[in-house]
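# Structure assessment
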Amino acid sequence: SSSSRDEALRDKRVRILTRGLPKQKPIEGVKQVVVLASGKGGVGKSTTAVNIALALAANDSTKEVGLLDADIYGPSIPKMMNLKGNPELTTKNLMRPLKNYGVACMSMGFLIEETAPVVWRGLMVMSAVEKLLRQVDWGQLDYLVIDMPPGTGDVQLSVSQNIPIAGAVIISTPQDVALLDARKGAEMFRKVHVPVLGLVQNMSVFQCPKCKHETHIFGADGVRDLAKTLGLDILGDIPLHVNIRETCDSGQPVVISQPQSDAAKAYLKIAMEIVRRLPVPPA
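Presented here is an overview of the structure given in this document. Keep in mind the model is a prediction, meaning the values are calculated, not measured.

### Concerning the sheet that holds strand 4 (residues 103-107)
- In spatial order, the strands read 3-4-2-5-1-6-7-10; together these eight strands make up an open sheet with mixed pairing. Each having just a single partner strand, strand 3 (98-100) and strand 10 (234-237) make up the two edges of the open sheet. Strand-to-strand twist across the sheet, computed as the mean angle between neighbouring axes with direction ignored, equals 25°.
- Relative to strand 4, strand 2 (residues 65-69) runs parallel, the two being bridged by five bridges. Its bridge partner lying in strand 4, Asp 69 is registered against Ser 107.
- Seen against the sheet, helix 2 (residues 45-59) touches strand 1 (30-37), strand 2, strand 4, strand 5 (141-147) and strand 6 (167-172) and runs at an angle of roughly 170° to strand 5.

What follows is the structure, encoded as structure tokens:
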């Protein structure tokens, strides 16, 4: 059947890409790496990554948190974290992350003009990813959250195979089209032996601000059903709320600007669930 042929081709691709790769090497100073991924674009992954990084820091003030934007073509972390400018270089020629709200951030968006498109082929993209992974002085971090680009392509495989990852979180809306790709994302991480900590159901319900009526715009429990099928946990639900979008667009994410809101509480709970499922970090 065509599905088993596709599966065989995907397996072959993973094997080819694995061949000759360097052994996984930790990022200096970083205790645990958590990747946030989605099979599909437009499901709110970067917004979720930003708020989860901030929630990890808010839940435990003793922890140092970093955020790496691995989306080379569409970096959105600089805008959401209200950061601009070029990173300074250390004496060892490493880039210093830019910092806001207590979270250290690195993104391709700091290295190019804000409006400039990245018109690159695969090898240049891989080189940029390698620089973002290896040529940054993170200092000492307890958690590095990586906002992956959408899909299951070279960047995802390269990141997964180059550095040890403590766990992956898959973001999806309950919509059937998004779920198909979320499933592929979860299966890809399993193939490259990255533990999937669980799924996050984003844009799960819309509440009318006037009459409070709730509408499941993208469907009701699609991500929950997928989690059951894959034997994975649901880490939490995030509502479809105008405040989440507005606060990120203005560079003041909801976890920071409206910490008592239901939306912020949803992210704080998900961050707690992620930490609960992470392995014990190295001393």
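### What to know about unusual backbone geometry
- You will see that Tyr 101, though not glycine, has its phi angle at about 55°, which is positive.
- Along the chain, Tyr 101 falls in the loop between strand 3 and strand 4.
- Using a relative accessible area of 26% as the deciding quantity, one classes Tyr 101 as partly exposed.
- Positive phi outside glycine occurs at His 193, with the angle close to 60°.
- Its place among the elements puts His 193 in the loop between helix 6 (176-191) and strand 7 (196-201).
- Accessibility expressed as a relative area gives 70% for His 193, which makes it exposed.

### Here we look at the nonpolar core
- Grouped together as the largest cluster of nonpolar side chains are 81 residues, with contacts concentrated most on Leu 67, Trp 138, Ile 146 and Phe 189.
- Looking at which element gives the most residues to this core, the answer is helix 2, with eight residues.
- Once you skip the residues sitting within four places of it in the chain, Phe 189 turns out to touch Val 35, Ala 37, Met 148, Ser 160, Ala 168, Ile 170, Val 194 and Val 196.

### Notes on the pattern of salt bridges
- In the structure shown here, the tally under the stated rule is six salt bridges.
- One salt bridge in this structure joins Asp 142 and Lys 31, with 3.6 Å as the shortest N-O distance. One end of the pair, Asp 142, is in strand 5; the other, Lys 31, is in strand 1, with 111 residues separating them in the sequence.
- With a relative accessible area of 14%, Asp 142 lands in the buried category.

### Re the environment of Ile 163
- Within the fold, Ile 163 resides in the loop between helix 5 (154-162) and strand 6.
- Residues Ile 163 and Ile 27, 136 residues apart in the sequence, show an inter-C-alpha distance of 7.0 Å.
- Once residues within four sequence positions are removed from consideration, Ile 163 is found in contact with Gln 24, Lys 25, Ile 27, Val 33, Leu 133, Arg 134 and Ile 146.

What counts, and where the lines are drawn
- Residues numbered from 1 in each chain as written.
- Predicted model: local features only at pLDDT ≥ 70, side-chain atom pairs only at ≥ 80, totals over all residues.
- Heavy atoms only, no water.
- Pairing = 2+ DSSP bridges.
- Helix = DSSP H or I, 4+ residues; strand = E, 2+ residues; numbered from the N terminus.
- Axes fitted to C-alpha atoms, helices over the stretch in contact; angles between N-to-C directions.
- Contact = heavy atoms within 4.5 Å.
- Buried < 20%, exposed > 50% of the residue type's maximum accessible area, 1.4 Å probe, protein only.
- Core = buried A, V, L, I, M, F, W, Y, C linked by side-chain atoms within 4.5 Å.
- Salt bridge = Lys/Arg side-chain N within 4 Å of Asp/Glu carboxyl O.

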